[in-house]
Amino acid sequence: MMKMTGKAFAKKLFGARYERLPRTLLMDVILFWGLYIAGFQVQIAASVRILMINAFTAGVMWQALSSKDNAVELKHMLMLPGHGREFIFSYVAALGAYTVLTKTGLLLAVLLAVSAWKPIELAGMAISMLHAVLMAAAAYSQRKYWYAGGLWGVAIVSAILFLGSRSWFGLLLLANSLVSILILRKADRYAFYQGESEKSHIIKKRKRGSLWRYFFRYLSCHKNYLVNTAVMWCVALVMPYFLREMAGLSVVPVGFAILSLNTPICILLSCDRDLEQAVRFLPGQKRRFCIPYCLFIFSCNMAADMIFLLSWQIQNNGITAPMIAGAVFFALQSAVLSVLLEWFYPIRGWKIESDLWHHPRKYVVPVVMLLLAGGACVWPVLLYVLLVLLAVEIVILLFLPKGHSTDIFG
């Protein structure tokens, strides 16, 4: 039972013949070798390295466990007879292997390439990855006791920060991993299953409500999107201080570009395949979806920009009309580019939602906005060219072609 369950989930995550795994490992090797021969070195304390590996691996593992895309497979597996303990450990092992090999492997390649390390420290990194997978799974299985899980997480982070450089710290992680295993042995296998009630609730309401209601209900059902938005608001509060220390008013457009990094709200078509099918088949889709979607992203961007401007006024004084115009421009430019990118180049072929959240395409628009902000700081006349390009993009959005509807089944 355990071998069959693990194999079934592994084929879903890595492909029918595990074809995804060699490509991922090759990418890790290329990334490591490219950074290593570049000679770029950074001093990273052992405790910081352990914290990075634990936090990143646990975060991705939690996202994988929370993925709604696993609901169908889990539902079928849970119908089969078998011991709950075997199912839990095979499921956790499959998702843990996916997390470590496809996600943490990239972080590990970067850390090994840019920092000095000893061979024995590799064992500590391996223990950290195993510990993060087990602890995340154990905390997820007991998430109804969220307060206990939060205290557990704070305790481990504190221990890593204060004791992570000690040679015996790996033993502490192994002991905590054993605690996680004991929790998983007692866990109910149905604790890992999330029904489709949230999604069906959204779809049912969407039939009667407006798209704006759909957008807000979608965010309310995906708390990680709201957390990302809250983080961007916190960044908007503190960023004026650092920008003032760097170069003064001339780098304000860079602040607006950084605040366009709220990428989860820019992938609604890619992450909701049912919505994309409906939008591409319905007549008048550019008016019924793309325009409200653009205005929704613009509103989210402007909220962060307004917090940034208010914080700038409190800390530095001197909000000017060009600064307000720049906020509107970058918020609207980011929204238009995001919608066009989602329409013409939606993300395909992702296995679970964690793949979507970490896809490199998400960062195309923020990088473009940073380049435009840098150019506008150096050549102010470039702003007039950018305004013309924005006008062209808006025209394209208003007269958006229907696109290839059959591509949604690819």
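Presented here is an overview of the structure given in this document. These figures come from a predicted structure and were not determined experimentally. (Residues numbered from 1 in each chain as written. Predicted model: local features only at pLDDT ≥ 70, side-chain atom pairs only at ≥ 80, totals over all residues. Heavy atoms only, no water.)

## Some words on the overall build of the protein
For step 1, the next point in the chain: Counting its regular elements, the protein contains 19 helices and zero strands.
For step 2, the next point in the chain: Burial statistics for the protein: of 410 residues in total, 44% are counted as buried.
For step 3, the next point in the chain: Here the protein displays about 21000 Å² of accessible surface, and carbon together with sulfur accounts for 72% of that area. (Helix = DSSP H or I, 4+ residues; strand = E, 2+ residues; numbered from the N terminus. Buried < 20%, exposed > 50% of the residue type's maximum accessible area, 1.4 Å probe, protein only. Areas by Shrake-Rupley, 256 points an atom, 1.4 Å probe, with all protein chains shown as cover.)

## A word on the packing of helix α6 (residues 119-141) against helix α7 (residues 146-163)
For step 1, the next point in the chain: Running from amino to carboxyl end, α6 crosses α7 at an angle of 160°, the nearest separation of the two axes being 11 Å. In terms of orientation, α6 and α7 fall into the roughly antiparallel class. Between α6 and α7 lies a crossing of right-handed hand. On α7, the residues that touch His131, Met135, Ala138 and Ala139 of α6 are Trp152, Gly153 and Ile156.
For step 2, the next point in the chain: Of the residues assigned to the contact of α6 with α7, the class counts are five nonpolar, two polar and no charged. (Axes fitted to C-alpha atoms, helices over the stretch in contact; angles between N-to-C directions. Parallel < 35°, antiparallel > 145°, perpendicular 65-115°, else oblique. Left-handed = near helix turned anticlockwise from the far one by under 90°. Contact = heavy atoms within 4.5 Å. Nonpolar A, V, L, I, M, F, W, Y, C, P; charged D, E, K, R; others polar.)

## Quick notes on the packing of helix α3 (residues 46-66) against α7
For step 1, the next point in the chain: Running from amino to carboxyl end, α3 crosses α7 at an angle of 155°, the nearest separation of the two axes being 8 Å. As the angle between them shows, α3 and α7 are arranged roughly antiparallel. Considering the relative orientation of α3 and α7, their crossing is right-handed. Here α3 contributes Ser47, Ile50, Leu51 and Asn54 to the contact with α7, which in turn contributes Val157, Ile160 and Leu161.

## Points about α7
For step 1, the next point in the chain: Relative to the 26 Å expected for 18 residues at 1.5 Å per residue, α7 spans 25 Å between its end C-alpha atoms, a close match to the ideal helical length.
For step 2, the next point in the chain: When we look at burial in α7, the residues that qualify are Trp152, Ile156, Ala159 and Ile160. End-on, the buried residues of α7 take up no more than an arc of 100°, which puts them together on one face. Opposite the buried face of α7, at more than 90 degrees from it, the exposed residues are Trp146, Leu151, Val154 and Phe162.
For step 3, the next point in the chain: Lining the buried residues of α7 we find α3, α6 and α8 (169-186). (Expected span 1.5 Å × (residues − 1). Arc of directions from axis to C-beta.)

## Some words on empty space enclosed by the protein
For step 1, the next point in the chain: According to the stated counting rule, one finds two cavities of 30 Å³ or more in the structure shown.
For step 2, the next point in the chain: For the largest cavity, the calculated volume is near 50 Å³.
For step 3, the next point in the chain: Forming the walls of the largest cavity are Thr263, Cys266, Ile267, Ser338, Leu341, Arg361, Lys362 and Val365. (1 Å grid on protein atoms, 1.4 Å probe; cavity = no way out; pocket = protein on both sides within 12 Å on 5 of 7 lines; lining within 4 Å. Points joined across faces, edges and corners; volume = space filled by probe spheres on them.)

## Things to note about the side chain of Glu342
For step 1, the next point in the chain: In this fold, Glu342 is placed in helix α16 (residues 321-344).
For step 2, the next point in the chain: Within the structure, the side chain of Glu342 is placed 2.7 Å from the side chain of Ser270, a separation counted as a polar contact.
For step 3, the next point in the chain: Discounting chain neighbours no more than four positions away, the residues touching Glu342 are Cys266, Ile267, Leu268, Leu269, Ser270, Arg280, Tyr293 and Arg361. (Polar contact = N/O pair within 3.5 Å; in protein donor to acceptor, adjacent residues only side chain to side chain.)

## Things to note about the pattern of salt bridges
For step 1, the next point in the chain: Taken as a whole and assessed by the stated rule, the structure comprises one salt bridge.
For step 2, the next point in the chain: Residue Arg49 is joined to Glu121 by a salt bridge in which the shortest nitrogen-to-oxygen separation is 2.9 Å. Residue Arg49 is found in helix α3, and its partner Glu121 is found in helix α6; the two are separated by 72 residues along the sequence.
For step 3, the next point in the chain: Classification of Glu121 as partly exposed rests on a relative accessible area of 24%. (Salt bridge = Lys/Arg side-chain N within 4 Å of Asp/Glu carboxyl O.)

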